[in-house]
Amino acid sequence: MGHCFSHDSIKTNEEQGLPKADAEKLKGVKIIFVVGGPGSGKGTQCEKIVEKYGFTHLSSGDLLREEVRSGSERGKTLSEIMEKGELVPLDTVLDMLKEAILAKAETSKGFLIDGYPREVAQGEAFEKKIGSPTLLLYIDAGSETMVERLLKRGETSGRVDDNEETIKSRLKTYYSATEPVIKFYEGRGIVRRINAEGSVESVFEEVCTHLDALN
Ligand SMILES: Nc1ncnc2c1ncn2[C@H]1C[C@H](O)[C@@H](COP(=O)(O)OP(=O)(O)O)O1
Ligand SMILES: [Mg+2]
């Protein structure tokens, strides 16, 4: 009879996870994944959630765009990937999120992780290195609605990816890589689907019913 766990595998897991002190800081802190296609309204809803519930909003896209603006070498590489509508390397996003979460872990009631995970592997890596989500808000809008909103946003956003060509490729990336994330977490019963076709206010009402049910 062999052992179920070798000593080595246990050690490796501990090394990958958060140090005890950091894990302690995050105890009881809610982690909410906000997932949806580009232009579905994730950022808009997160702003309203922050206002009402006082959660901390971390947008993976905003963190990446900040890095680009800083003009660093890493930022330049990221910018090229984002212009193509592709996903940036998993570790880059995760490191940025982890840093931002730990910086506020002691003072925050909860974190809205906006635009992450973009693929199942990102979700798995997040759980291994940081923790498990309490809830996944699935902001669901049809592709026509998303394109329309993105083109309108593109008139003023100055975002390199808000153009017709990049939007097409972002939608493709979303349907092939991100939709499986929803399936993955549905099995755990933490997915709450929000119909995001309506007005900002009506979408938010639906969001609130799910957040109110958390406590
Ligand atoms: N329910 C809604 N109705 C109409 N426009 C909306 C909307 N939710 C968001 N928008 C607008 C705001 C933005 O210009 C654009 C994309 O919204 P966003 O919050 O930036 O999306 P995301 O963060 O999911 O990419 O659409
Ligand atoms: Mg956004």
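What counts and how
- Residues numbered from 1 in each chain as written.
- Chains lettered and ligands numbered in written order.
- Predicted model: local features only at pLDDT ≥ 70, side-chain atom pairs only at ≥ 80, totals over all residues.
- Heavy atoms only, no water.
- UniProt positions renumbered as here; feature names shortened; annotations may be inferred.
- Salt bridge = Lys/Arg side-chain N within 4 Å of Asp/Glu carboxyl O.
- Helix = DSSP H or I, 4+ residues; strand = E, 2+ residues; numbered from the N terminus.
- Disulfide = S-S within 2.5 Å.
- Buried < 20%, exposed > 50% of the residue type's maximum accessible area, 1.4 Å probe, protein only.
- Phe/Tyr/Trp six-rings, centres within 6.5 Å; stacked < 30°, edge-to-face > 60°.

- Per an unreviewed UniProt entry, the protein goes by Adenylate kinase isoenzyme 1 and derives from Monodelphis domestica.
- Here the protein is described in UniProt, under the heading Subcellular location (unreviewed entry), as follows: "Cytoplasm".
- What UniProt states about the protein under its Subunit (unreviewed entry) heading is, verbatim, "Monomer."

## Notes on the pattern of salt bridges
Link 1 in the chain: Tallying each qualifying case throughout the model produces 12 salt bridges.
Link 2 in the chain: Ionic pairing is found between Glu73 and Lys76, a salt bridge with its closest N-O pair at 3.3 Å. Placement of both Glu73 and Lys76 in helix H5 (residues 73-83) is noted, with a separation of 3 residues, approximately one turn of the helix.
Link 3 in the chain: Sharing partners across several salt bridges, the network here consists of Arg153, Arg159, Asp161, Asp162 and Arg170.

## What to know about the state of the cysteines
Link 1 in the chain: Taken as a whole and assessed by the stated rule, the structure comprises 0 disulfides.
Link 2 in the chain: There is no disulfide at Cys46, and the cysteine sulfur nearest it, in Cys208, is 12 Å away.
Link 3 in the chain: For Cys208, a relative accessible area of 6% corresponds to the buried category.

## Examining the packing of aromatic side chains
Link 1 in the chain: In this structure the tally under the stated criterion is 7 aromatic pairs.
Link 2 in the chain: For the ring pair Tyr116 and Phe126, a centre distance of 5.8 Å and an interplane angle of 50° mean the geometry is tilted. Pair noted here: Tyr116 is in the loop between strand E3 (110-114) and helix H7 (120-129) and Phe126 is in helix H7, with a separation of 10 residues, a long-range link.
Link 3 in the chain: Their ring planes at 90° and their centres at 4.9 Å tell us that Phe184 and Tyr185 sit as a pair that is edge-to-face.
Link 4 in the chain: Through a chain of ring-to-ring contacts, the aromatic side chains of Phe33, Tyr116, Phe126, Phe184 and Tyr185 assemble into a single cluster.

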